[in-house]
Structure formats: structure tokens, C-alpha cells
Amino acid sequence: MTLVLFIIFAAILGSFLASFIYRFTNKNILKESYVSKINIFTEPSFCSHCKTKIDWYHLIPVLSYLFLRGKAKCCGATISSRYFLTEILVISSFSLIFITNDSWALILLKSFISLTLIFIALIDYQYKIIPLNSLLILFILALILSATEGLLILPEVFVTIISGFLLLATRWLFFKLKGKEGLGLGDVILFPILTLMIPMTLVPILLLTASLLGIVEFFLSSKLKRDSEIAFGFHLAIASYLGLVNFYPILPLI
Ligand SMILES: [Zn+2]
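All values reported here derive from a predicted model rather than from experimental measurement. (Residues numbered from 1 in each chain as written. Predicted model: local features only at pLDDT ≥ 70, side-chain atom pairs only at ≥ 80, totals over all residues. Heavy atoms only, no water.)

Trainee: Just give me the short version of unusual backbone geometry, but keep the residues and values in it.
Mentor: Backbone geometry at K31 places phi at a positive 50°, although glycine is not the residue there. With respect to the helices, strands and loops of the structure, K31 is situated in the loop between helix 1 (2–28) and helix 2 (33–37). Positive phi, close to 55°, is recorded for K128, a residue that is not glycine. In this fold, K128 is placed in the loop between helix 5 (104–127) and helix 6 (132–148). With relative accessibility at 28%, the residue K128 sits in the partly exposed group. (Helix = DSSP H or I, 4+ residues; strand = E, 2+ residues; numbered from the N terminus. Buried < 20%, exposed > 50% of the residue type's maximum accessible area, 1.4 Å probe, protein only.)

This is the structure:
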């Protein structure tokens, strides 16, 4: 029963996130004229094609998309499967956190961190941008998790600061050697924030996992002849999520 209620909670947040990503990117990145004029937090749901207000019974997460067979009721335009997939992604990620964590405090905290990570990952994947506001929200949530897990101690914070400087140095070196940006400033800020949430022994594993995911994407995308720029923040977010569901073996702290 609790899991069912939690899945409904996840579906509502997933639906909110899907619509928020659409509004946020159209307003701040694509500068679309209609979305630029509205308040993206308070404007009721509207059809992205004809801008008609959507009735509440057509806004039920996951189910409405299936019932309407992916077609808008107002104008018949195809609804992007992105909304549906984002909802499914949030529901699955929340459910996995529910299964792998015991206390409600941890489950809720990690769920909101995962929601922020999904926002960062999806926007970074498509636009190669990590919005600063989302990094600030993630930083606050990471600090709370770090304190809850007893990780807000001097050696751990020291490793976080060092990892930030290491990434900054890597960014600088890449720029000197290649003459172009290889590592975005967003990634340089994102990585230290993520290290706050894990014991320092897992920091190299986090970096290694994200790099391996990046290499896999690089080979897949060069085969598909897409642009070869890698969204490192996207891979960091996935690697960090794996930590939230206790995927990494717990190494003894020496
Ligand atoms: Zn419409």
C-alpha cells in the first residue's frame, strides 16, 4: 500500500518535472515567444502545440498519454513521448530508492536529489548546459544528505574541495592543449557537489563510472555519426544516482 502511494507521489512529481523541463528550456534556452511571456511556475497546463488550456482529467500522469494514444485532445497534435518517458523515469528511479533504503527521511531526501539529477541530466544531454539554479538546489540537498549520513566531517570536505580543484585544473589543461572547451564549468561545479553525498573512498569509483559511461556514449555516437561532444554532467548524474541506490560496494573506510 505504501509503495502504491509512493508511486502516485512519484508520478505527480514526474509529470511536474516533464512540464517544467519543457517550460524551463523553452523560456531560458530556446527563448520561445509564448513561454517567455508566462510565469513558468503558476501558468496552468496548456497544449504545447495550440496553447489551449488542458482539462485536469487529461493531466493524469502516464495514464492520460496512454488513453489519448499520444494525441492532444484539443488539436490532434502528437504529444511528445518525452513527457511520458520522463514520468516513467521518475517513477522507476523513486521506486528503486524506495526498495534500497530503509528510513522515510532518506527515501524522501534521496528522491528529491534524484529529481534534481534527472533535471540536470536531461537538460545537459540535450543542450550541454547545466543551469546554475539546479546546482544550487542540488548543493543544499547534498549538504543535508551528507550531514544525515555523518559525512560532513573535515577529511570528507577536504576531498570535495580537492576534487573541485582537480577538475578545474583538468579544464584549464584541456583548454591550453586543445584550444577549446572540453569540460564545461557546470561539470566542474557538479562533481564536487556529488562527492559530498558519498564517502571519499567512493569518489574515484564515481569518476571512473561516469567516465566509462562517457566513453560508451562516445563510441556509440561516433558510430551513429552524431555530434561527438559528450555531456559529462549527464553521465555524472547517472553515476551519482547509482550511489543513491547503494549500487557501489561499501568499501571499508581506512
Ligand atoms: Zn492542442
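Trainee: Go over a nonpolar patch on the surface, please, and point to the residues and values.
Mentor: A contiguous nonpolar patch, built from W56, Y57, I60, L63, L66 and F67 and spanning about 730 Å² of accessible area, is present on the exposed surface. Among the structural elements, I60 can be located in the loop between helix 2 and helix 3 (63–67). Taking the relative accessible area as the measure of exposure, I60 reaches 38% and is therefore partly exposed. (Patch = residues over 30% accessible without salt bridge, like charges linked within 9 Å, V, L, I, M, F, W, Y side chains within 5 Å. Areas by Shrake-Rupley, 256 points an atom, 1.4 Å probe, with all protein chains shown as cover. Salt bridge = Lys/Arg side-chain N within 4 Å of Asp/Glu carboxyl O.)

Trainee: With reference to specific residues and values, describe the environment of F174.
Mentor: Mapped onto the secondary structure, F174 falls in helix 7 (residues 154–178). A C-alpha to C-alpha distance of 43 Å links F174 and W104, two positions 70 residues apart in sequence.

Trainee: Account for the packing of aromatic side chains, with residues named and values stated.
Mentor: For the structure on display, the rule yields 20 aromatic pairs. Centre to centre, the rings of F16 and F20 are 5.8 Å apart; their planes meet at 15°, and the pair counts as stacked. Of this pair, F16 and F20 are both found in helix 1, four residues apart, which corresponds to roughly one turn of the helix. The buried category is assigned to F20, whose relative accessible area is 13%. With a centroid separation of 4.6 Å and 45° between ring planes, the pair formed by Y125 and F234 is classed as tilted. Remark: F234 occurs in helix 10 (residues 232–244) and Y125 occurs in helix 5; sequence separation between them is 109 residues. What makes Y125 partly exposed here is its relative accessible area of 33%. You can call F234 buried: its relative accessible area is 18%. Taken together through their ring pairs, the aromatic side chains of F6, F9, F94, F98, W104 and F112 make up a single cluster. (Phe/Tyr/Trp six-rings, centres within 6.5 Å; stacked < 30°, edge-to-face > 60°.)

Trainee: Could you give me a rundown of the layout of surface pockets, with the residues and numbers involved?
Mentor: Think of a ball as big as a water molecule: rolled over the atoms, this probe shows where empty space is left. Of the voids in this model, the largest pocket is the one considered here, and its volume is about 1200 Å³. In this structure, the largest pocket is lined by 49 residues; those nearest its centre are A18, S19, I79, S80 and Y83. Secondary-structure elements contributing two or more residues to the lining of the largest pocket are helix 1, helix 3, helix 4 (81–100) and helix 5. A per-element tally of the lining of the largest pocket places helix 1 first, with 10 residues. For the lining of the largest pocket, the class distribution of residues is 28 nonpolar, 14 polar and seven charged. Here the second largest pocket is characterised by a volume of approximately 650 Å³. Forming the boundary of the second largest pocket are 24 residues, of which G182, L183, E229, I230 and F232 lie nearest the centre. Those elements that provide at least two residues to the lining of the second largest pocket are helix 7, helix 8 (185–196) and helix 9 (203–223). (1 Å grid on protein atoms, 1.4 Å probe; cavity = no way out; pocket = protein on both sides within 12 Å on 5 of 7 lines; lining within 4 Å. Points joined across faces, edges and corners; volume = space filled by probe spheres on them. Nonpolar A, V, L, I, M, F, W, Y, C, P; charged D, E, K, R; others polar.)

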